[in-house]
Amino acid sequence: MRIAYFHCFAGISGDMTLGALVDAGLDWELLQADLAKLPLSGYQLQREKVIKKGISGTKVQVLTEEGHVHRHLRDVREIINSSTLPEVVKEKSIQVFTRLAEAEAKIHQTSVDQIHFHEVGAMDAIIDIVGSVIGLWRLEIEEVYASPVHIGTGFTKCAHGTIPVPAPATLELLQGVPIYSKDIEKELVTPTGAAIITTYCQDFGNMPPMRADTTGYGAGEHDLVIPNLLRVTIGGKLDQVGSDGHIRYGGKGDVRQGDALMMEANIDDMNPEFYDYLINKFLKAGAMDVFLRKIQMKKNRPAIVLSLLIHTHQLETFYQQIFSETTSIGVRVYPVTKYMLPYEIKTLQTKLGQAKVKVARYQDSLRNVAPEYEDCRRLAEEQQIPLKEVYDMIKYEAYQRLEAKSYLETKK
Ligand SMILES: O=C([S-])c1cc(C(=O)S)c[n+]([C@@H]2O[C@H](COP(=O)(O)O)[C@@H](O)[C@H]2O)c1
Ligand code: NI
């Protein structure tokens, strides 16, 4: 599986993302040809090699004469949808803009439909976002990972006036993401950059085990005490080391194999109401799965087996949590091998409204489509339609659209 790891040591913006992808080998002519499929004119895309603290990177700039425009999400959607770009690029770009709109709506206390973008809906932002989506698609990136994000500090000036760094929309988009500041008084992360990385990134943390095939540096606009660069490393994800000592890489659509641990504790003396709280707590802490089984123990005592499926590096975290949060004084831990189909979460604009679906593929063919329960529930309540019908309608619509335009077909 081909992955990209973004090292956000000097933050991230739309143009830094595009610059990093170009620097990592995204074909410049192809990118321009793809962007020309958008119904936008009056802009020029420029790239130049620059040096930031001795490290060379690519600076991409969108030169436009567009004045101050206000676009709604529907205007941006219309621009993207009326292009001849592949469906997969359109969907992902709209997903990024929808996240932006949701964050803006929350900050300005209005609705996603009413919010009008200032800078973040301008031509350069559209080119940066759609260009980055094209880049990740053209470079055949299947999963994205990123480091904790350096956000900067201080204040910045924009159409709203003087606002704190990180900008409110940026901070809203970065909820749940590890972020930090090191006294650099600059806006290191823009809403556009935050929307791109949070739409794509599976996990923020250290670089996952990977084979680094190529690296690119995208330059930001500032000269700082640190290199104002975004680094992207692209290569094969290391799934496991085989018994022969060789590293195995999963191919596109291959079943993924991974080492994991199963932790189990038999509990017969705890208030059963606590399980609800604990399951949520363990899942939030990063357990891959948590489940309960009823058993009869010695002396015919009814009890519960609490089972946690976790990553091997989480062992200490979870036995500490089990010992402090439950009445158990012992846990069993055994290694397990997981076999998984690769999946992605897609956000679809369905006839009923927006809904996320989990799409699993096996050897490039669609294997399973599962509508997200919370979205179905929301739509059922909003539209006053039985939940089971909402679920079936979204599943049917997703199958029709995804099967018609599989990832590979649309790429040709
Ligand atoms: O355009 C809008 S509405 C806007 C909102 C906010 C909020 O945080 S709310 C911030 N900004 C600032 O505009 C520039 C450009 O951002 P890009 O993502 O387009 O590069 C930046 O300084 C933002 O903080 C704009
Ligand atoms: Ni705003």
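Residues numbered from 1 in each chain as written. Chains lettered and ligands numbered in written order. Predicted model: local features only at pLDDT ≥ 70, side-chain atom pairs only at ≥ 80, totals over all residues. Heavy atoms only, no water.

The name an unreviewed UniProt entry assigns to the protein chain is Pyridinium-3,5-bisthiocarboxylic acid mononucleotide nickel insertion protein, from the organism Desulfosporosinus orientis. The record held by UniProt for the protein chain lists under Sequence similarities (unreviewed entry) the comment "Belongs to the LarC family." What the UniProt record of the protein chain gives under Catalytic activity (unreviewed entry) is the line "Ni(II)-pyridinium-3,5-bisthiocarboxylate mononucleotide = pyridinium-3,5-bisthiocarboxylate mononucleotide + Ni(2+)". (UniProt positions renumbered as here; feature names shortened; annotations may be inferred.)

**Student:** Even after reading the chapter, I still don't get the overall build of the protein chain, so can you show me in this structure?
**Tutor:** For the protein chain, the helix and strand inventory stands at 12 helices and 21 strands. Put simply, the protein chain has 412 residues, and 49% of those count as buried. Considering only residue pairs separated by 6 or more positions, the protein chain has 69% of its internal contacts joining residues 24 or more positions apart. Accessible surface computed for the protein chain: about 20500 Å², of which carbon and sulfur atoms make up 49%. (Helix = DSSP H or I, 4+ residues; strand = E, 2+ residues; numbered from the N terminus. Buried < 20%, exposed > 50% of the residue type's maximum accessible area, 1.4 Å probe, protein only. Contact = heavy atoms within 4.5 Å. Areas by Shrake-Rupley, 256 points an atom, 1.4 Å probe, with all protein chains shown as cover.)

**Student:** Please clarify how the pattern of salt bridges should be interpreted in this entry.
**Tutor:** Oppositely charged side chains can form a pair if their charged atoms are brought close together. Summed over the entire model, instances satisfying the criterion amount to 19 salt bridges. Here Lys-49 and Asp-23 are joined by a salt bridge, their closest N and O atoms 2.6 Å apart. Here Lys-49 is found in strand S2 (residues 43-52), whereas its partner Asp-23 is found in helix H1 (residues 14-23), with 26 residues between them in sequence. By relative accessible area, Asp-23 is classed as buried at 17%. With a closest N to O distance of 3.6 Å, Lys-346 and Glu-91 form a salt bridge. Linking Lys-346 in strand S19 (residues 343-350) with Glu-91 in helix H4 (residues 87-107), this pair joins segments that are 255 residues apart in sequence. Grouping residues by exposure puts Lys-346 and Glu-91 together as buried. Connected through shared salt-bridge partners, Glu-91, Lys-346, Glu-397 and Arg-401 make up one network. (Salt bridge = Lys/Arg side-chain N within 4 Å of Asp/Glu carboxyl O.)

**Student:** Help me understand the pairing of strand S9 (residues 161-164), please; the structure alone is not making it clear to me.
**Tutor:** Regular strands place their side chains on alternate faces of the sheet. Bridging between strand S8 (residues 155-158) and S9 involves four bridges; their strand directions are antiparallel. Across the sheet, the residue bridging to Thr-156 is Ile-163, located in S9. Counted along the chain from S8 to the antiparallel partner S9, the turn is two residues long. (Pairing = 2+ DSSP bridges.)

**Student:** Honestly, the nonpolar core in this entry has me stumped. Any pointers?
**Tutor:** Side chains of nonpolar character tend, in soluble globular proteins, to be buried together. Membership of the largest hydrophobic core comes to 63 residues, with the highest contact counts inside it found for Phe-6, Leu-31, Leu-38, Phe-97 and Val-130. With nine residues, helix H5 (residues 123-138) is the largest single contributor of residues to this core. Residues within four places of Leu-31 in sequence aside, it is in contact with Leu-18, Val-22, Leu-26, Leu-45, Gly-131 and Ile-134. In this structure, Met-263, Val-290, Phe-318 and Ile-322 belong to the second largest nonpolar core, which totals 16 residues. (Core = buried A, V, L, I, M, F, W, Y, C linked by side-chain atoms within 4.5 Å.)

**Student:** Explain the site of ligand 1 here, please?
**Tutor:** Around ligand 1 lies a shell of 16 residues, among which Glu-104, Glu-119, Ala-169, Glu-187 and Thr-192 are the nearest. Contact distances for ligand 1 include 3.3 Å between an oxygen atom and a backbone N or O atom of Pro-168. Interatomic distance of 2.3 Å between a side-chain N/O atom of Thr-192 and an oxygen atom of ligand 1. In the complex, 90% of the free accessible area of ligand 1, which totals 570 Å², lies under the protein chains. For the shell around ligand 1, the secondary-structure elements that each account for two or more residues are H4, helix H6 (168-173) and helix H7 (191-200). Taken together, the residues of the shell around ligand 1 sort by class into eight nonpolar, five polar and three charged. (Near = heavy atom within 4 Å. Polar contact = N/O pair within 3.5 Å; in protein donor to acceptor, adjacent residues only side chain to side chain. Nonpolar A, V, L, I, M, F, W, Y, C, P; charged D, E, K, R; others polar.)

**Student:** Help me out: how do you make sense of the coordination of the nickel ion (ligand 2) in this one?
**Tutor:** Four donors placed tetrahedrally around a metal ideally meet at 109.5 degrees, and six donors placed octahedrally ideally meet at 90 or 180 degrees. In this structure, Glu-104 (OE), His-108 (NE2) and His-160 (NE2) serve as the protein donors to the nickel ion (ligand 2), at separations of 2.1 to 2.2 Å. Residue His-160 is classed as partly exposed on the basis of its relative accessible area of 41%. (Donors = N, O, S within 2.8 Å, 3.2 Å for Na, K, Ca; no water.)

**Student:** Help me understand unusual backbone geometry, please; the structure alone is not making it clear to me.
**Tutor:** A negative phi holds for most residues other than glycine; trans holds for most peptide bonds. In this structure, the amide linkage connecting Val-165 to the following residue, Pro-166, adopts the cis form with an omega of -5°. Within the fold, Pro-166 resides in the loop between S9 and H6. One non-glycine residue, Glu-140, adopts positive backbone phi at about 60°. In this fold, Glu-140 is placed in the loop between H5 and strand S6 (143-146). Accessibility expressed as a relative area gives 29% for Glu-140, which makes it partly exposed. Here the phi dihedral of Asn-300 falls at roughly 60°; this positive angle occurs in a residue that is not glycine.

**Student:** Where do I start with the packing of H5 against H7 in this structure?
**Tutor:** A pair of packed helices is characterised by two quantities: the angle between their axes and the separation of those axes. Direction vectors running N to C along H5 and H7 enclose 25°, while the axes themselves pass 10 Å from each other. By the angle between their axes, H5 is roughly parallel relative to H7. Of the two elements, H5 crosses H7, and the hand of that crossing is right-handed. Contact with H5, carried on its side by Ala-125, Asp-128, Ile-129, Ser-132, Val-133 and Leu-136, involves Thr-192, Ile-196 and Tyr-200 of H7 and no other residues of that element. Among the residues forming the contact of H5 with H7, the class breakdown is six nonpolar, two polar and one charged. (Axes fitted to C-alpha atoms, helices over the stretch in contact; angles between N-to-C directions. Parallel < 35°, antiparallel > 145°, perpendicular 65-115°, else oblique. Left-handed = near helix turned anticlockwise from the far one by under 90°.)

**Student:** I would appreciate a short explanation of the sheet that holds S19 in the present structure.
**Tutor:** Across a sheet, strands are paired by hydrogen bonds formed along the backbone, either parallel or antiparallel in direction. Pairing within the open sheet is antiparallel, and its three strands lie in the order S19-S20-S21. Both outer strands of the open sheet, S19 and strand S21 (365-371), are each paired with one neighbouring strand and no more. Going across the sheet, the axis of each strand differs from the next one's by a mean of 35°, ignoring polarity. As defined by bridge partners, S19 adjoins strand S20 (residues 353-362) across eight bridges and the pair is classed as antiparallel. Note that in S20 the partner of Gln-349 across the bridge is Gln-354. Of the strands in this sheet, S19 and S20 touch H4, which is tilted by about 75° from S19. Along the sheet, helix H10 (residues 373-383) makes contact with S20 and S21, crossing S20 at roughly 150°.

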